Amino acid sequence: MALEHALLVSLSEREGSGYELARRFDRSIGFFWAATHQQIYRVLRRMEEAGWVTHTDVAQEGRPDKKVYRVADAGRAELTRWLAEPIEPTVLRDELGVKLRGASLGDLDAVRREVERHRDEHAARLAAYQAIEHRDFPKPSTLSGRELHQYLVLRGGVRAEQSFTDWCDEVLQALRPEGPR
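Here the structure is a predicted model, which is why all the values come from computation and not from measurement.

A look at the environment of Thr54
Here Thr54 lies in strand S2 (residues 53–60). Judged by relative accessible area, Thr54 falls into the partly exposed class, the value being 35%. For Thr54 and Ala72, which are 18 residues apart along the polypeptide, the C-alpha to C-alpha distance reads 6.1 Å. Filtering out sequence-adjacent residues up to four positions away, Thr54 remains in contact with Glu48, Val68, Tyr69, Arg70 and Ala72.

Right, dumping it as structure tokens:
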């Protein structure tokens, strides 16, 4: 997937400035597709040149005008094409797994500490996803359309983080200095 498609999805949900899109990436879609603010602005320019988005200049008091982007007909056509295009299933590429595989070749305590660090990071992300779920989707059985789709993506994130956290717990249990129980 190209950043262009993530931006088309976000702009299809709600038009916005480059800054607003960057904030959306920081808070939601960025959990699944990361992009820097500079990348977003650069890609927006490229998308506008391709005719996928247009912008309106909006005056601001005491600040430069901002560009508010929206999806153009050509962008909707590209998004429709891309949504119908098959993609390859995700292949797990995890550097931590490779480190664990080679743990007997080096400092096992260092690998254990690294697993603990990853576990803590994934547990924090899991807690953030669960907070979003409880705040934004208190009654999932009533969802449909865009809200249902957003919820389902979030649930994928919850399940992935829960699974990774559980796996780290299993690894840490097995790598305890006194061994597994």
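Focus: the domain arrangement of the protein
Domain assignment breaks the protein into domain 1 (1–84) and domain 2 (95–175). Measuring from the centre of the C-alpha atoms in domain 1 to the corresponding centre in domain 2 gives 28 Å. Contact residues are listed per partner, giving 5 residues for domain 1 and 7 residues for domain 2. Taken together, the two surfaces of domain 1 and domain 2 that pack against each other cover about 510 Å², and 64% of this comes from carbon and sulfur. Counting the surface domain 1 buries against domain 2, the share from its top three residues, Glu13, Phe31 and Phe32, is 90%. The tally of links from domain 1 across to domain 2 stands at 0 salt bridges. For the pair domain 1 and domain 2, the interface holds 3 residue pairs in polar contact (both at pLDDT 80 or more). Of the residues that constitute the side of domain 1 that touches domain 2, the class distribution is 2 nonpolar, 1 polar and 2 charged.

Rules of the game
Residues numbered from 1 in each chain as written. Predicted model: local features only at pLDDT ≥ 70, side-chain atom pairs only at ≥ 80, totals over all residues. Heavy atoms only, no water. Helix = DSSP H or I, 4+ residues; strand = E, 2+ residues; numbered from the N terminus. Buried < 20%, exposed > 50% of the residue type's maximum accessible area, 1.4 Å probe, protein only. Contact = heavy atoms within 4.5 Å. Domains from an automatic or database assignment. Buried area = accessible area lost by both parts, 1.4 Å probe. Salt bridge = Lys/Arg side-chain N within 4 Å of Asp/Glu carboxyl O. Polar contact = N/O pair within 3.5 Å; in protein donor to acceptor, adjacent residues only side chain to side chain. Nonpolar A, V, L, I, M, F, W, Y, C, P; charged D, E, K, R; others polar.

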